[in-house]
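# Examination of the molecular architecture
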Amino acid sequence: MSSESLPLSGARAAVPARDAAPANGGYNYGFVGRTVAEAIGSFLLLFVGIGIAIFGNTAGGGIGSPLAFGLALAGAMVAFGYISGGHFNPAITLGSAVAGRTAWKFVLPYILAQLVGAILGVAILWVVITGHDQIGEQARQFLSGTANGYGEHSTNLFPLPSALLMEVVAGALLTAVFLGAASRKAGTGSRKSLAVSGAFAVGVTYAVLLTVLVPVTNGGINPARSTAVAIFSEGWALEQVWLFWVAPLLGAVIAGLIFRSVDMTIDAHSNNAAAAELGEDTDDADTVKPVVTKPATGSTKPVVDEEARGFFDKPADGTARPEDGTPGNRA
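In this report, the structure presented in the accompanying data block is examined. (Residues numbered from 1 in each chain as written. Predicted model: local features only at pLDDT ≥ 70, side-chain atom pairs only at ≥ 80, totals over all residues. Heavy atoms only, no water.)

The next subject is the nonpolar core. Judged by nonpolar contacts, the single largest core of 43 residues is most densely connected at Ile50, Tyr206 and Ile221. Ignoring sequence-local partners within four residues, the contact set of isoleucine 50 consists of Phe69, Leu125, Leu143, Thr146, Arg225 and Val229. Listed in part, the five residues of the second largest apolar core include Ala91, Leu94, Val98 and Ala252. (Core = buried A, V, L, I, M, F, W, Y, C linked by side-chain atoms within 4.5 Å. Buried < 20%, exposed > 50% of the residue type's maximum accessible area, 1.4 Å probe, protein only. Contact = heavy atoms within 4.5 Å.)

It is at 10 Å that the axes of helix α3 (residues 90-98) and helix α6 (residues 160-181) come closest, and there the two elements cross at 60°. If you check the angle between α3 and α6, you find them oblique. Every pair of crossing elements has a handedness; the one defined by α3 and α6 is right-handed. In contact with Ala91, Ile92, Gly95 and Ser96 of α3, α6 contributes Leu174, Thr175, Phe178 and Leu179. A per-class count over the contact of α3 with α6 returns five nonpolar, three polar and no charged. (Axes fitted to C-alpha atoms, helices over the stretch in contact; angles between N-to-C directions. Helix = DSSP H or I, 4+ residues; strand = E, 2+ residues; numbered from the N terminus. Parallel < 35°, antiparallel > 145°, perpendicular 65-115°, else oblique. Left-handed = near helix turned anticlockwise from the far one by under 90°. Nonpolar A, V, L, I, M, F, W, Y, C, P; charged D, E, K, R; others polar.)

Summed over the entire model, instances satisfying the criterion amount to six aromatic pairs. An angle of 5° between the planes, with centres 5.8 Å apart, marks the rings of phenylalanine 43 and phenylalanine 47 as stacked. Of the two residues, phenylalanine 43 and phenylalanine 47 are both situated in helix α1 (residues 30-59); the distance of four residues between them amounts to about one turn of the helix. The exposure class assigned to phenylalanine 47 is partly exposed, which follows from its relative accessible area of 35%. Through successive ring pairs, a cluster of aromatic residues spans Phe31, Phe106 and Tyr110. (Phe/Tyr/Trp six-rings, centres within 6.5 Å; stacked < 30°, edge-to-face > 60°.)

Turning next to the environment of leucine 174. Tracing the chain through its elements places leucine 174 in helix α6. Leucine 174 gets classed as buried once you look at its relative accessible area, which sits at 3%. Distance from leucine 174 to alanine 201, taken between C-alpha atoms, is 9.9 Å for residues 27 residues apart in sequence. For leucine 174, the residues in contact, after removing those within four places along its chain, are Asn89, Ile92, Val202, Thr205, Tyr206, Leu209 and Ile221.

Let's shift gears to a nonpolar patch on the surface. Side chains of Phe31, Val32, Val36 and Ile40 sit close together on the surface and give an oily, nonpolar patch of about 340 Å² of accessible area. Checked against the element boundaries, phenylalanine 31 lands in helix α1. (Patch = residues over 30% accessible without salt bridge, like charges linked within 9 Å, V, L, I, M, F, W, Y side chains within 5 Å. Areas by Shrake-Rupley, 256 points an atom, 1.4 Å probe, with all protein chains shown as cover. Salt bridge = Lys/Arg side-chain N within 4 Å of Asp/Glu carboxyl O.)

Quick look at unusual backbone geometry now. The backbone of phenylalanine 88 sits at a positive phi, close to 60°, despite the residue not being glycine. Relative to the helices and strands, phenylalanine 88 resides in the loop between α2 (65-84) and α3. On the basis of relative accessible area, phenylalanine 88 is assigned to the buried category, the value being 0%. You will see that isoleucine 221, though not glycine, has its phi angle at about 70°, which is positive. Following the sequence through the fold, isoleucine 221 ends up in the loop between α7 (191-217) and α8 (223-231).

Moving on, we get to the environment of phenylalanine 43. On the accessibility criterion, phenylalanine 43 (26% relative accessible area) is partly exposed. It is 4.8 Å that separates the C-alpha atoms of phenylalanine 43 and alanine 118, two residues lying 75 residues apart in sequence. Leaving out residues up to four positions away in the same chain, phenylalanine 43 has contacts with Gly117, Ala118, Leu120, Gly121 and Ile124.

The interhelical angle for the contact between helix α4 (residues 107-130) and α8, taken along N-to-C directions, is 40°, at an axis separation of 8 Å. Relative to α8, the element α4 is oriented oblique. Seen along the crossing, α4 lies across α8 with a hand that is right-handed. Only Ala224, Thr227, Ala228, Val229 and Ile231 of α8 make contact with α4, whose side of the interface consists of Gln114, Leu115, Ala118, Ile119 and Val122. The residue makeup of the contact of α4 with α8, split by class, is eight nonpolar, two polar and no charged.

Following this line, the structure appears as structure tokens:
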């Protein structure tokens, strides 16, 4: 990725470690690989979450649909997050781009891939239901029970303003947790442990927010999920699906702007501190020395500033940045 593709923001940028070995062995998954990872993760999310919402209620017992969605999301983030960043939600993708964590060129392909994966996941469930002798003719009615809606189609008849407000707040909170958990500042430890803990945080938050939203909108937050189910449901679901795009995306933009402003503030303070330190150390006021992270004792290689990376990032393998849409990639 060229230096113009993704601006530096957030924690201070360090000099790239030219000789450092990337954690992924230097393999570049490519544009297609990243979009396929988003599609597979979205497929897993919908197949598990909606499948349990339908068959779990029929069989009785087991885990609830919100928890299933949360567990599936956490699993998908751990399994595929190191390839694409682990979004699986158009709202997360947009919020990450607004925050400066994902290049804008990945936004539309990611969203399309998430839609394709979600639709395929629900389509398989549709085929299974229509193949049943007794309930096959009621397939749309079955799936309508998992569709998102407001007004007379809300679980407890909540009106449009209430549904809109809840979806905006939930979208902002989920995006904020994702952006916060995807920051290297979220904790100390190995990259793998941070990936697992971050995925757990996002998955649990998703499950809890869905539990709150079920009585109001039947649990939305994810526009790909809402659209995929609406396609195979009764006509009213497609008529109301606009709200489940507008509200989560609006919440994601709000969270992204907040994180971007915080990153810019941190960057400004870091630059001021670095300038003050240089002013004290230099003997020549007209000479400005570049800021270079000091190598570890006994090592001739510069140290990468890991604070500027997210837990799903792949370290730079040279002077050029790795072309991915992973969160927090500023090296």
